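# Structural features, examined
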Amino acid sequence: MPDTILVVVEQREGKLNRVSWETITAGQAIAAATGWPLEAAVVGASAASFAAEVAAKRVAKVYAVESPKLEPYTPDAFAAALKQFLTAKQPKLVIMPHTYQVRDFVPKLATAMGRAVISDCIGFKYEAGKLVFTRQMFQGKFAADVSFSSDAPWFVTFQNGAFRGDKAEAGAAAAPVETVAVNIADGVIRNKPQEVFKEAKQAVDLTQAEIIVAVGRGIKEQKNIEIAKQLADALGGDLAASRPICDSGWLPMDRQIGSSGQTVAPKLYLALGISGAIQHIVGMKGSRTIIAVNKDSEAPIFEIADFAVVGNLFDIVPPLIEEVKKAKAGG
Amino acid sequence: MKILVCMKQVHQKDAPLKLNETGAWIREDVSYEVNEPDAFALEEALRQKEKHGGEVVAITSGPARAQQVLREALAKGADRAIHLEDNAFVGLDAFNTAKAFAAAIKDEKFDLIFTGLQSDDYGYAQTGVILAELLGWPHATIIMQIEKTDGGIRVKRELEAGYFQFVDMPLPAVLTIQSGINKLRYATLIGIKQAKNKPLRKVALAEVQSAIGENLQKIERLYVPQKTKKTEHIEGPPGEIAKKLVDKLRNELRVL
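Owing to the predicted nature of the structure, the values given are computational and were not obtained by experimental measurement. (Residues numbered from 1 in each chain as written. Chains lettered and ligands numbered in written order. Predicted model: local features only at pLDDT ≥ 70, side-chain atom pairs only at ≥ 80, totals over all residues.)

Glancing now at the pairing of strand 6 (residues 93-97) of chain A. Residues and elements named next belong to chain A. Counting buried positions over the five residues of strand 6 gives five, a clear majority of the element. Burial of strand 6 is two-sided: the residues Leu93, Ile95 and Pro97 facing one way and the residues Val94 and Met96 facing the other way are all buried. Relative to strand 6, strand 1 (residues 5-9) runs parallel, the two sharing three bridges. Bridged to Ile5 within strand 6 is Leu93. In terms of strand pairing, strand 6 meets strand 10 (residues 154-158) through five bridges, oriented parallel. Of the residues in strand 10, the one forming a bridge with Leu93 is Trp154. (Buried ≥ 20, exposed ≤ 12 C-beta atoms within 10 Å, placed from the backbone. Helix = DSSP H or I, 4+ residues; strand = E, 2+ residues; numbered from the N terminus. Pairing = 2+ DSSP bridges.)

In structure tokens:
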């Protein structure tokens, strides 16, 4: 059996998660570098209904791994189903998107198979026949190239946005689909999940904002939020924040940008005192222009900034408000 | 309820980090603090104990410096602590860290184990889930609320993009705790004093060595990430920076 790459795409609530296309792109790139064939799997109670969509992409084969016990999602059922399937298939490399759902079950799955997960990767390298995966460490201040020292299958998850979903290549013809029924014994599933819900309606929709002024820990105290608000008002933009600010209750949760909040792509994103933890960056890196103000010259936010101001935001924001007002007044 | 809280000491958020001579890790002469989600995990354990009674035990692994994390936990109200003390623990992957913890608590009977949802250094987001699998316990991740029920617990999981889900689960269980689940308390002076007399069990590497094996993944090298974007630095006194920025906003970005 040749070394195979298997992409496990994600479906939730009867829809294929769009991040799955990014993982297919990642799989196609690794396949191109290594020459290993690429296959895909969809897991769920009625996985076959999604398989055709995946089979349109350039993959050698699509497996629909099915059991009625896979709906609703539980880590117990997903780990049991994939362990059965992977033990039989023995792919070399299993890749998945680094979603909250995957984070919930893939360490369990790998442990059950005595294997490891290199999680939250942003890229890969194939050097002299050796695959290494690049991931961020120390909150993005460093990148690490990480290799497996265990037997296959190797598990890798890729960060949201690490590959372009729209670059996933279509196949010349639809790939064959094989339905694989897995057997999940009674008593395997211990958790009883309830319905998924959204907390109160999102009062603020930042996804449509053209200008966003966002604050992070560097703002220091709740009362200091006011100067960021003044700047946002002067620019005609919206105020947003990184998670710690909303956790502290200084701004409501619906102004949070990042993996657990909103994902935005405004014309201008002005980051004040935001260090740029990965969880924040995934929510705003699509912004057209990013200006970052931070006193720490090594803050990861500067890696993705178009304009960098290393300095104290309390020195810089007040004159900036004045200059913006002047410019708006036609000065 | 008897609750174990897994805590980690990590570099301070704004500490300048330098590579060490191996090129695969950072120099250790930096300031450290408690991994933030772990602080929320501890707080949640203390609150559960205040509601339902029981015991809170904090556990960490790492060199002598890591004891500070446990001292803080004891000062805030944890009843006792376990320190897997050896520099070698710093280099363990998530799989081996979980194995070491499982070995260190094999004679204990906890109802719940909490971890923070991920660490600020490695950022694996795996150790808690691996520990659950090693113990054969159910788990739930990224938890924002915990209620005791007749048959076990009901937890609120955070999903992406503002979605949530309640999950009923039996005990014992492992939960990974999200930052912001509660409001952190400060240690009191009395608490700090009392902490000195609370039990702190040290576990040597030799005691858990047989449980751990070779790492299943290896950091080949650590480096400052290559920039994908060209960044223009705006410098000068604040007033000048403000003028330069407004010029950019007006003439380059055309948002003014």
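If you walk across this open sheet you meet the ten strands as 12(A)-9(B)-8(B)-7(B)-10(B)-6(B)-1(B)-4(B)-5(B)-11(B), and the pairing is mixed. Every interior strand has two partners, whereas the edge strands, strand 12 (192-198) of chain A together with strand 11 (200-204) of chain B, have only one. Taking the axes of each pair of neighbouring strands and ignoring which way they run, one obtains an average angle of 30° across the sheet. Relative to strand 4 (residues 55-62) of chain B, strand 1 (residues 2-6) of chain B runs parallel, the two being bridged by five bridges. Residue pairing across strands places B:Val5 opposite B:Ala58, the latter belonging to strand 4 of chain B. Sitting on the sheet, helix 2 (residues 67-76) of chain B is in contact with strand 1, strand 4, strand 5 (80-85) and strand 11 of chain B, with an inclination near 175° to strand 5 of chain B. Sheet strands touched by helix 3 (residues 94-104) of chain B: strand 1, strand 4, strand 5 and strand 11 of chain B. Its angle to strand 4 of chain B, the strand with the most contacts, is close to 135°. (Axes fitted to C-alpha atoms, helices over the stretch in contact; angles between N-to-C directions. Contact = placed C-beta atoms within 7 Å.)

Turning our eyes to something else, we now look at the environment of B:Lys8. Residue and element names in this part refer to chain B. Looking at the secondary structure, you find Lys8 in the loop between strand 1 and strand 2 (9-11). In this structure Lys8 comes out as buried when scored by C-beta crowding, with 25 C-beta atoms within 10 Å. Separated by 53 residues in the primary sequence, Lys8 and Ser61 have C-alpha atoms spaced 7.2 Å apart. Those residues in contact with Lys8 that lie beyond four places of it in its chain are Asn35, Asp38, Thr60 and Ser119.

The subject of this paragraph is helix 3 (residues 75-89) of chain A. With 15 residues, helix 3 of chain A extends 21 Å between its outermost C-alpha atoms, agreeing within 8% with the 21 Å of an ideal straight helix rising 1.5 Å per residue. For helix 3 of chain A, the set of buried residues is A:Pro75, A:Ala77, A:Phe78, A:Ala79, A:Ala80, A:Ala81, A:Leu82 and A:Leu86. The elements touched by buried residues of helix 3 of chain A are strand 4 (38-44), strand 5 (61-66), strand 6 and helix 4 (100-112) of chain A together with strand 7 (139-148) of chain B. A positive backbone phi angle near 50° is found at A:Gln90, which sits one or two residues after helix 3 of chain A. (Expected span 1.5 Å × (residues − 1).)

Residue-level contacts link 69 residues of chain B with 69 residues of chain A. At the level of elements, helix 4 (127-135), strand 7, strand 9 (163-170), strand 12 (217-223), strand 13 (232-233) and helix 7 (238-252) of chain B are the ones that each hand at least two residues to the side of chain B that touches chain A. Per-element accounting of the side of chain B that touches chain A gives the leading share, nine residues, to helix 7 of chain B. Looking at the side of chain B that touches chain A, its residues break down into 36 nonpolar, 14 polar and 19 charged. (Nonpolar A, V, L, I, M, F, W, Y, C, P; charged D, E, K, R; others polar.)

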